[in-house]
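Here are the chains, one letter per residue:
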Amino acid sequence: MRNISQSKQTVINMAASMTTYAISLLISFFLSPYIVKHIGVDANGFIALANNFLGYVSLASLALNTLASRFVTVSIHQKDNDKANRYFSSIFYANLFLSIGLTVVYSLIIIFLDKLIDVSPALLPDVRLLFGVLFINSVSNTIGSIFSVATFATNKLYLGSIASIFTNLIRVAVIVVLFACFEPKLYYVGVSTFCSGFLLVVINFFLTKKLLPQIKIDYKCFEKEKVKELISGGIWSSVNRLGTILLSDLDLLISNIFIDSVAMGVLSLSKTVPNAINSVVGSIVGVFSPNYTILYAQERYDELVKNVKQSMKIMGILTNLPVIVLIVCGKQFYRLWQPTQDSNELYILSVLAIACIIISGGINCIYNIFTVVNKLRLNAIIVIISGLISTGIVFVLLETTELGIYAIAGVSTVVSIIRNLVFTAPYGAKCLKLKWYAFYPEIVKPVIYVAVSVLVSYFPSRVISAESWISLFVLAVLTLVISVLIGYFVILNKEERHIINNIINNIILKKIKRG
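Residues numbered from 1 in each chain as written. Predicted model: local features only at pLDDT ≥ 70, side-chain atom pairs only at ≥ 80, totals over all residues. Heavy atoms only, no water.

Caption draft 1: Molecular detail of the overall build of the protein chain. Regarding its fold elements, the protein chain presents 23 helices and zero strands. The buried share of the protein chain, reckoned over its 515 residues, is 54%. Looking at the protein chain alone, contacts between residues at least 24 apart form 83% of all its contacts between residues at least 6 apart. Of the roughly 23,000 Å² of accessible surface on the protein chain, 67% is carried by carbon and sulfur atoms. (Helix = DSSP H or I, 4+ residues; strand = E, 2+ residues; numbered from the N terminus. Buried < 20%, exposed > 50% of the residue type's maximum accessible area, 1.4 Å probe, protein only. Contact = heavy atoms within 4.5 Å. Areas by Shrake-Rupley, 256 points an atom, 1.4 Å probe, with all protein chains shown as cover.)

Following this line, the structure appears as structure tokens:
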């Protein structure tokens with residue numbers, strides 16, 4: 001009964017994450033052209049660049065907060081509420097102190113912004129305000145980040161997804177109202193992000209009070225040793241994140257400095273859909289993490305391994321569905337979505353950006369294992385080495401070829417694929433005491449799945465011209481249906497299909513009985 005309950009909980013969390021995923025894509029779909037139309041493609045690029053700067057500076061908070069969910073959850077499920085309280089309070093007050101340092105760094109960035117990036121004098125005040133509001137939001141989120149642990153520790157991530165959906169809709173509403181009632185300004189995007197971010201912190205605070213009533217914030221529970229313990233493990237997440245920044249998050253800054261702000265805007269626009277997909281991939285893979293942590297805390301290692309392999313197969317289907325649709329329908333989509341831009345250029349850049357997901361969709365589950373078993377160091381070192389290699393290759397190509405933004409978009413994808421195949425998969429197996437090749441079947445199948453789905457979907461794409469939104473929608477739905485069917489029968493085996501059918505049937509029957 002316990003396993004069935006966990007499976008149902010995972011299905012509920014998955015459904016909520018998929019809903020968040022769909023809404024995120026819809027928001028990106030409507031919001032990006034709306035912003036480009038009102039403020040221009042180059043100005044729009046500064047939004048993504050500002051968020052990248054947040055990522056650069058937030059490395060310090062990442063070291064502290066990466067393992068917060070892991071340590072609090074393990075303590076709770078080991079029935080040690082006193083220990084959980086000490087971790088919780090220590091993290092909260094450490095984040096409070098950290099936010100003061102972040103404020104100083106953010107202030108310096110705003111003061112010297114025109115020295116750091118290429119921005120026209122006409123846009124500079126607007127860009128400064130954008131950075132300022134987003135930085136305030138970052139500080140607020142840092143202070144309140146610990147409250148997101150509650151839904152993780154209780155394996156009720158669907159509540160976080162619902163909150164995320166609600167606050168995202170608030171963000172869109174604020175942008176539309178500000179753009180409609182006042183002269184369009186770039187920093188309105190920052191204002192909307194702050195409103196939604198602050199509201200999310202408030203919601204997570206009340207969820208913590210509801211889900212974890214035994215947790216109390218008390219300065220007497222603050223322990224430097226707990227903070228040191230978290231940072232000693234979490235520092236490798238910061239190193240890992242630095243490697244990721246070198247791999248892909250420096251692309252807009254490099255485009256801005258070494259090409260121009262227009263190229264940065266085009267690259268940013270091309271990454272709108274890939275970034276939405278990647279963010280949702282992160283939220284979906286997070287659905288499995290609480291169960292991993294609980295199984296590990298309870299020393300049910302065989303179930304943990306089985307759970308990881310099954311989740312890799314599920315991720316191999318779910319994360320590649322939008323990839324397949326974009327590959328098949330991308331050119332027509334960009335032609336209709338951004339009629340003022342070069343649709344072929346946007347399509348190629350987008351495909352380069354998401355190609356890694358074909359391999360890494362399932363591998364993302366393995367990254368959770370590194371956190372669960374608290375073995376982050378080696379992975380972090382490999383990621384930062386690959387980031388340095390990627391950045392070096394990009395600089396060489398920019399100096400010696402005419403590839404321009406194609407080099408910036410493509411090199412990181414190639415390097416990431418190689419790293420995942422050569423290191424991540426075998427090291428993940430080692431962490432679970434498996435043979436080094438244990439996860440390769442779960443990696444190969446999604447590649448076959450994508451290739452077959454794209455090939456089969458190619459034939460209807462030749463019949464349906466997709467020159468209008470209606471015909472494009474028909475082609476996309478047809479591609480999606482074909483991909484789901486192939487994924488269901490190619491990726492999943494008979495036993496896994498039977499498990500999914502039973503879970504769905506149980507949920508439907510229970511709803512019918514309640515009705």
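There is more to say after this.
Caption draft 2: Region of interest: a nonpolar patch on the surface. Side chains of I470, F473, V474, V477, V481, L485 and F489 sit close together on the surface and give an oily, nonpolar patch of about 710 Å² of accessible area. Structurally, the position occupied by V477 is in helix α22 (residues 469-490). On the basis of relative accessible area, V477 is assigned to the partly exposed category, the value being 36%. (Patch = residues over 30% accessible without salt bridge, like charges linked within 9 Å, V, L, I, M, F, W, Y side chains within 5 Å. Salt bridge = Lys/Arg side-chain N within 4 Å of Asp/Glu carboxyl O.)

Caption draft 3: Just the pattern of salt bridges, in detail. The full count for this structure, using the stated rule, is nine salt bridges. Across the pair R86 and E223 runs a salt bridge, and its minimum N-O distance is 2.8 Å. One end of the pair, R86, is in helix α5 (residues 81-111); the other, E223, is in the loop between α10 (187-211) and α11 (224-249), with 137 residues separating them in the sequence. Two residues, D251 and K271, come together in a salt bridge whose shortest N-O distance is 2.4 Å. Here D251, found in helix α12 (residues 251-258), pairs with K271, found in the loop between α13 (261-270) and α14 (272-285); they are 20 residues apart in sequence, far enough to count as distant. In this structure, D251 and K271 share a single accessibility class: buried. One salt-bridge network, in which partners are shared between bridges, spans D82, R86, E223 and K226.

Caption draft 4: Main features of α12. Counting buried positions over the eight residues of α12 gives six, a clear majority of the element. Among the residues of α12, D251, L252, L253, I254, S255 and N256 are the ones counted as buried.

Caption draft 5: Structural view of the confidence of the model for the protein chain. Here the protein chain averages 81 in pLDDT, while 88% of its residues score no lower than 70. Counted against residues more than four places away or in other chains, residues 510-515, with its pLDDT under 50, gives one contact. (pLDDT = per-residue confidence, 0-100.)

Caption draft 6: Up close: the packing of aromatic side chains. All chains considered together, the criterion is met by 26 aromatic pairs. Plain terms: the ring middles of F92 and F147 are 6.0 Å apart, the flat faces sit at 50 degrees to each other, and that makes the pair tilted. Residue F92 is located in helix α5, and its partner F147 is located in the loop between α7 (124-144) and α8 (149-153); the two are separated by 55 residues in the primary sequence. Seen from their ring centres, F333 and Y334 are 5.2 Å apart, and the 65 degrees between their planes marks the pair as edge-to-face. Across this residue pair, the class does not change: F333 and Y334 are buried. (Phe/Tyr/Trp six-rings, centres within 6.5 Å; stacked < 30°, edge-to-face > 60°.)

Caption draft 7: Representation of the packing of helix α18 (residues 343-372) against helix α20 (residues 405-431). The interhelical angle for the contact between α18 and α20, taken along N-to-C directions, is 15 degrees, at an axis separation of 9 Å. Classified by the angle between their axes, α18 and α20 sit roughly parallel to one another. Between α18 and α20 lies a crossing of left-handed hand. Along the lines of polarity and charge, the residues of the contact of α18 with α20 split into 20 nonpolar, seven polar and two charged. (Axes fitted to C-alpha atoms, helices over the stretch in contact; angles between N-to-C directions. Parallel < 35°, antiparallel > 145°, perpendicular 65-115°, else oblique. Left-handed = near helix turned anticlockwise from the far one by under 90°. Nonpolar A, V, L, I, M, F, W, Y, C, P; charged D, E, K, R; others polar.)

Caption draft 8: Just α22, in detail. Here α22 contains 22 residues, and its C-alpha end-to-end distance of 31 Å stays within 8% of the 32 Å for a straight helix at 1.5 Å per residue. Taken together, the buried positions of α22 are occupied by S471, L472, L475, T479, I482, S483, I486 and G487. Relative to the axis of α22, the buried residues are bounded by an arc of 135 degrees and lie together on one face. With respect to the buried face of α22, the exposed residues turned more than 90 degrees away are I470, F473 and F489. For α22, the secondary structure elements touched by its buried residues are α16 (301-318), α17 (320-337) and α21 (440-463). (Expected span 1.5 Å × (residues − 1). Arc of directions from axis to C-beta.)

Caption draft 9: Representation of the side chain of R300 within the structure. As for its position among the elements, R300 is in the loop between α15 (289-297) and α16. Judged by its relative accessible area of 11%, R300 falls in the buried class. In terms of polar contacts, R300 uses its side chain to reach the side chain of E303, at 2.9 Å. (Polar contact = N/O pair within 3.5 Å; in protein donor to acceptor, adjacent residues only side chain to side chain.)

Caption draft 10: How the structure looks around unusual backbone geometry. One non-glycine residue, K433, lies in positive phi territory at about 60 degrees. Along the chain, the position of K433 falls in the loop between α20 and α21. Take K433: its relative accessible area is 79%, and that puts it in the exposed class.

Caption draft 11: Highlighting the nonpolar core. Ranked by internal contacts, the top residues of the largest apolar core, which has 113 residues, are F46, F53, I117 and F131. A total of 13 residues in this core trace back to one element, the largest contributor, which is α18. Contact partners of I117, with chain neighbours within four places excluded, come to F46, L49, F53, F131, L253 and N256. (Core = buried A, V, L, I, M, F, W, Y, C linked by side-chain atoms within 4.5 Å.)

Caption draft 12: Fine view of the environment of S140. With respect to the helices and strands, the residue S140 is situated in helix α7. Sequence spacing of S140 and N95 is 45 residues, and the spatial spacing of their C-alpha atoms is 10.0 Å. Excluding residues within four positions of it along the chain, S140 makes contact with F198 and V201.

Caption draft 13: The arrangement of the side chain of S343 in detail. With respect to the secondary-structure elements, S343 resides in helix α18. Each residue touching S343, except ones within four places of it in the same chain, is listed here: K331, Y334 and R335.

Caption draft 14: Broad picture of the packing of α12 against α13. Interaxial distance between α12 and α13 falls to 7 Å at its minimum, and their mutual angle equals 155 degrees. Judged by the angle between their axes, α12 and α13 are roughly antiparallel. Relative to α13, the crossing made by α12 is right-handed. Residues D251, L252, S255 and N256 of α12 pack against S261, A263, M264, L267 and S268 of α13. Across the contact of α12 with α13, the residue classes tally to four nonpolar, four polar and one charged.

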